[in-house]
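# Report on the structure
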Amino acid sequence: MDRLTGVLVAMMMALLLASSNVQAKLIENLYSATVDVGSQNSRLRQQALTDAFRQVIIKVTGQPALVDDPAINAASRNVNDLLVQYGYQREGSQTKLTATFDGQKLRDLLAAHSMPYWGSRRPQLLLWMATDTRGKREMIGSSDESVFTQQLRSKAKQLAIPIQLPILDLTDSMQVSVTDVWGRFIGPIKTASTRYATDGFAVVRVTENPQAEDADKRYQLDWRVDVDDKRLQGIVYASSTDWLAEPFIAELAQTLAAEYSVINSDQQSLVQVPLSIAGLENWQQVLAVESFLQSIPSVDAIKLDRYAREQTDFVVTVRGSEDNLLQSIQLDGRLRTQEISPFVNPELRQQTIYQWVGD
């Protein structure tokens, strides 16, 4: 199959999928953060809880400067009042602390001081990335395990920015080339992105400038994001390609948050949340799920939309924000996110489907 045939096939796929509405990625553990801690003594634990709280504030606002706001500083001095749970784990020789904070209290804090809030549904972006170093241009795909891509994934996870790298297999190579990415030829990039069913895509270019007078600007990363009807862009610099990932994701998070966050002083509006659960074998399990959902204080009503063993669909009406429901589900543990094979229909991969594990 030649390149033209591949493009035509991709265009047909795009037409077949054009009528589907891709849902933004559902972020789990939005109110949790993991930080390094020297030991489990109380003084270091309290500092780690404060650090975790600040990380969560950045994650839910997208604005790093807000951690120095007087209201946030005051809350951080009484961080235990917002704490839901914490725990330790070891990674090699390093001890880490993971803390989870009360989402409703955090939203109330932000609303009381007219600060932005960015919820659990966030646009997932496909990153088409090309590097140009020493005159050689290459693309970066999902199999890349360089320091740069490791930093990229780590920072994106920390800031709750859903990203994906293309596979760069034969299908991709027939539709888009490194020249297309470098030249920002949006037509073939948009066509090639269709198979991944993300909410948008980013075109990223990494350039080396050996003659740069400032060593911290020897490497440059410029990016452009196409998501919904928005066109966003930015540029960051570093002394090494390895250190471009963190400022890139930080700038991307701040830019996206400015577009999608809200300032809301009324958290008590009613929101309908679709909830899909796989593998409910009988009506007793359906009733057990309904009983659990009814026990969540923010739940106002539950409607069974469709029952089937493969997948049962509910519509849950929540007071305030769907995040109230999502955090309660995550903390309880009886509903767990189901892993979906990467080979299923791309539309289905965007759904969040839970599995009931009972008591």
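Preceding this section is the structure that the text describes.
Residues numbered from 1 in each chain as written. Predicted model: local features only at pLDDT ≥ 70, side-chain atom pairs only at ≥ 80, totals over all residues. Heavy atoms only, no water.

A few words now on the nonpolar core. Nonpolar side chains in soluble globular proteins tend to be buried together. Residues Leu127, Leu152, Ile161, Leu221, Phe248 and Leu252 are the most contacted members of the largest nonpolar core, which totals 31 residues. Elements that contribute at least two residues to this core include exactly β6 (125-133), α5 (147-158), β9 (200-208), β10 (219-227), β11 (230-238) and α9 (245-260). With residues near it in sequence (within four places) discarded, Leu127 still touches Leu152, Ile163, Gln164, Leu165, Pro166, Ala202 and Phe248. (Core = buried A, V, L, I, M, F, W, Y, C linked by side-chain atoms within 4.5 Å. Buried < 20%, exposed > 50% of the residue type's maximum accessible area, 1.4 Å probe, protein only. Helix = DSSP H or I, 4+ residues; strand = E, 2+ residues; numbered from the N terminus. Contact = heavy atoms within 4.5 Å.)

On to the packing of helix α4 (residues 103-112) against helix α11 (residues 322-332), then. Closest axis-to-axis distance for the α4/α11 pair is 9 Å, and the angle between their directions is 150 degrees. The orientation of α4 relative to α11 falls into the category roughly antiparallel. Residues Gly103, Gln104 and Arg107 of α4 lie in contact with α11, whose contacting residues are Asp323, Asn324 and Gln327. Tallied by class, the residues present in the contact of α4 with α11 amount to no nonpolar, four polar and two charged. (Axes fitted to C-alpha atoms, helices over the stretch in contact; angles between N-to-C directions. Parallel < 35°, antiparallel > 145°, perpendicular 65-115°, else oblique. Nonpolar A, V, L, I, M, F, W, Y, C, P; charged D, E, K, R; others polar.)

Our next topic: the pattern of salt bridges. For the structure shown, the criterion picks out 18 salt bridges. Here Asp222 and Arg184 are joined by a salt bridge, their closest N and O atoms 2.5 Å apart. With Asp222 in strand β10 and Arg184 in the loop between α7 (178-182) and α8 (186-193), this residue pair connects regions lying 38 residues apart in the sequence. Across the pair Arg205 and Asp222 runs a salt bridge whose closest N-O atoms are separated by 3.0 Å. With a gap of 17 residues between them, Arg205 in strand β9 and Asp222 in strand β10 connect regions that are remote in the sequence. (Salt bridge = Lys/Arg side-chain N within 4 Å of Asp/Glu carboxyl O.)

We now examine the sheet that holds strand β3 (residues 83-91). A sheet is described by the order of its strands in space; here three strands give the open sequence β2-β4-β3, paired in antiparallel fashion. Each end of this open sheet is capped by a strand with a single partner; those strands are β2 (32-37) and β3. Recorded for the sheet is a direction-independent mean angle of 25 degrees between the axes of neighbouring strands. Bridge count for β3 against strand β4 (residues 94-101) is eight bridges, and the pairing is antiparallel. What sits directly across from Tyr88, in β4, is Leu97. Strands β2, β3 and β4 of the sheet are contacted by helix α2 (residues 42-61), whose axis makes an angle of about 140 degrees with β2. (Pairing = 2+ DSSP bridges.)

Along the chain, Ile27 falls in the loop between β1 (25-26) and β2. Exposure remark for Ile27: the relative accessible area of 11% places this residue in the buried category. The spacing of Ile27 and Leu326 is 299 residues in sequence and 9.2 Å in space, taken between C-alpha atoms. Sequence-distant contacts of Ile27, that is, excluding residues within four places in its chain, are made with Ser120, Arg122, Ala160, Pro162 and Gln330.

Our next topic: the packing of aromatic side chains. The tally for this structure, following the rule as stated, stands at seven aromatic pairs. Ring centres 6.4 Å apart and planes at 10 degrees place the aromatic pair Trp118 and Tyr260 in the stacked group. Of this pair, Trp118 sits in the loop between α4 and β5 (121-122) while Tyr260 is found in helix α9, placing the two residues 142 residues apart along the sequence. Between Arg122 and the ring centre of Trp118, over which it is positioned, the NZ or CZ distance is 3.9 Å. Its guanidinium or amino end placed over the ring of Tyr237, Lys217 lies 5.0 Å from that ring's centre, counting from NZ or CZ. (Phe/Tyr/Trp six-rings, centres within 6.5 Å; stacked < 30°, edge-to-face > 60°. Lys NZ or Arg CZ within 6 Å of the ring centre and 35° of its normal.)

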